[in-house]
Amino acid sequence: MSQLTSKADAIRLIYPIPQNRYGDIITHLRSNFFLEEPLNKAVELSSPNVDLEATILDTLHENLSIMALKSDTEQVVGAVLNGIIVPGDILKAQEKLEKSNDEKFKKIFSFLYKTNEKIDLFTRYNVDKIFEGRILSVDASLRGYGIGKRLLVQSEEIVRRENCKIWKMDVTGIYSQRIAESNGFETVLELQYETEVIENGQPLFNIPPPHKSFKIVVKYLN
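On a predicted model such as this, the values are computed, not experimentally measured, just so you know.

### Details of the overall build of the protein chain
Move 1: Counting its regular elements, the protein chain contains ten helices and nine strands.
Move 2: Computed over C-alpha atoms, the radius of gyration of the protein chain comes to 17 Å, within 12% of the 17 Å expected from 2.2 N^0.38 for 222 residues, which places it in the range of a compact globule.
Move 3: Taking the principal axes of the C-alpha coordinates as reference, the protein chain spans close to 55 × 40 × 30 Å.
Move 4: Looking at the protein chain residue by residue over its 222 residues, the buried ones come to 48%.
Move 5: Across the protein chain, contacts joining residues at least 24 apart in sequence account for 75% of those joining residues at least 6 apart.
Move 6: Summing over all exposed atoms, the protein chain offers an accessible surface of approximately 11,500 Å²; the carbon and sulfur share of this is 49%.
Move 7: The average position of the 28 basic charges and that of the 31 acidic charges among the side chains of the protein chain differ by 3 Å.

### Quick look at the nonpolar core
Move 1: Judged by nonpolar contacts, the single largest core of 45 residues is most densely connected at Ile-25, Ile-56, Phe-111 and Phe-205.
Move 2: Ranked by residue count, the leading element in this core is helix H7 (residues 103–119), at seven residues.
Move 3: Ignoring anything within four residues of it in the chain, the contact list for Phe-111 reads Leu-39, Leu-191, Val-197, Leu-204, Phe-205 and Phe-214.
Move 4: Counting residues in each nonpolar core, the second largest holds 25 residues, with Leu-13, Leu-64, Ala-68 and Trp-167 among its members.

### A closer look at the confidence of the model for the protein chain
Move 1: Put simply, the protein chain has an average pLDDT of 95, and 96% of its residues get 70 or more.
Move 2: Taken as a whole, residues 1–6 scores under 50 in pLDDT and shows five contacts with residues more than four places along the chain or in a different chain.

### Looking at the environment of Asn-101
Move 1: Tracing the backbone through its elements, the reader meets Asn-101 in the loop between helix H6 (89–97) and H7.
Move 2: Through-space distance from the C-alpha of Asn-101 to that of Leu-69 is 34 Å; in sequence the pair is 32 residues apart.

### Some points on the sheet that holds strand S9 (residues 213–220)
Move 1: Sheet architecture is open: seven strands sit in the order S1-S2-S3-S4-S5-S9-S6, paired in mixed fashion. Every interior strand has two partners, whereas the edge strands, strand S1 (11–14) and strand S6 (186–192), have only one. Averaged over all neighbouring strand pairs, the angle between strand axes comes to 20 degrees, with direction disregarded.
Move 2: Bridge count for strand S3 (residues 76–85) against strand S4 (residues 130–138) is eight bridges, and the pairing is antiparallel. Paired with Gly-78 across the bridge in S4 is Val-138.

### What about the packing of helix H2 (residues 22–31) against helix H5 (residues 50–60)?
Move 1: At a minimum axis separation of 11 Å, H2 and H5 run at an interaxial angle of 135 degrees. In terms of orientation, H2 lies oblique with respect to H5. Helix-helix and strand crossings are classified by hand; for H2 and H5 the assignment is right-handed. Contacts from Tyr-22, Ile-25, Ile-26, Leu-29 and Arg-30 of H2 reach H5 at Glu-53, Ile-56, Leu-57 and Leu-60.
Move 2: The residue makeup of the contact of H2 with H5, split by class, is seven nonpolar, no polar and two charged.

### Some remarks on unusual backbone geometry
Move 1: With an omega dihedral of -5 degrees, the bond running from Tyr-15 to Pro-16 counts as a cis peptide bond.
Move 2: Here Pro-16 is to be found in the loop between S1 and H2.
Move 3: Looking along the chain, the bond that leaves Pro-209 and enters Pro-210 is cis, with omega of 15 degrees.
Move 4: Following the sequence through the fold, Pro-210 ends up in the loop between strand S8 (202–203) and S9.
Move 5: One non-glycine residue, Glu-44, lies in positive phi territory at about 60 degrees.
Move 6: On the basis of relative accessibility, which here comes to 61%, the residue Glu-44 falls in the exposed class.

Parameters at a glance
- The residue count restarts for each chain, going from 1 along the sequence in the order it is written.
- Residue-level local features of this predicted model are given only where pLDDT is at least 70; pairs of side-chain atoms are given and counted only at 80 or more, and the full residue set underlies all totals for whole chains, interfaces and linings.
- In computing side-chain properties, one takes all heavy atoms of the structure into account and sets aside hydrogens as well as water.
- Going along the chain from the N terminus, every DSSP run of H or I of four or more residues is numbered as a helix, and every run of E of two or more is numbered as a strand.
- Each radius of gyration reported is based on C-alpha atoms, and the globular scaling rule is 2.2 Å times the count of residues to the power 0.38.
- We call a residue buried when its accessible area falls under 20% of the maximum for its residue type, exposed when it is over 50%, and partly exposed in between, using a 1.4 Å probe and counting protein chains only.
- Residues are treated as being in contact if the distance between any of their heavy atoms lies within 4.5 Å.
- Surface exposure here means Shrake-Rupley accessible area, sampled with a 1.4 Å probe, where a residue is shielded only by the protein chains that are shown.
- In this count, Lys and Arg are taken as positive residues and Asp and Glu as negative ones, while His and the chain termini are left out.
- Just so you know, the charge point we use is NZ for Lys, CZ for Arg, CG for Asp and CD for Glu.
- Throughout, nonpolar core names a set of buried Ala, Val, Leu, Ile, Met, Phe, Trp, Tyr and Cys residues whose side chains join them through atoms within 4.5 Å.
- Confidence of the predictor at the level of single residues is given by pLDDT, which spans 0 to 100.
- At least two DSSP bridges between two strands are needed for those strands to be called paired.
- Axes, fitted as lines to C-alpha atoms, cover a helix only where it is in contact. Angles between the N-to-C directions of the axes lie from 0 to 180 degrees.
- Roughly parallel refers to an angle under 35 degrees, roughly antiparallel to one over 145, roughly perpendicular to one between 65 and 115, and oblique to any angle outside these ranges.
- Put simply, a crossing is left-handed when the front helix is turned counterclockwise from the back one by less than a right angle, and right-handed when it is turned clockwise.
- Under this grouping Gly is polar, as are all residues other than the nonpolar Ala, Val, Leu, Ile, Met, Phe, Trp, Tyr, Cys and Pro and the charged Asp, Glu, Lys and Arg.

And the structure:
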């Protein structure tokens, strides 16, 4: 058995995520997503982060997310956090964001909300709900073994169960973009960080290489 196969076989996916593991999801994200996601890294978002963790818990309570565990230790080594959005949700999120005192958190999510508002996928695809992949994270020690892909494959089963025709993700880095594209997502919007995500003539985010652009990607399910 190859190392790749043995590593993959040692991971199992759990859905739905039980509430008593929410804290473990947060711990995993603090050590991985919080520190490494390009926008978080660009603004040096604090970890732990009260506002981001509250947003994550709201998503977990939708019961559409999946976690990856090491079979021998039950340690959380990956997760995909999913939710469903309907028209008006972005406006509500923007109003809630204004109450935050964390300017770095506000900078990231204001950009995300405004960009999504402009593209208006509800009108583009004539749908009244959209399945949204919000965070995809794998432990640094286990990347390259197909765990992210497995999380998306199982997510598609949930998308279909929820009768959603549109599945979208905001992908901020090259690695998540590659995983999404390998799972059949198509880019509906791409903004280059250096030339198109600009404020007062300067890049809004100083994104380190190899990440070059922000993408909104969509998978249409028949």
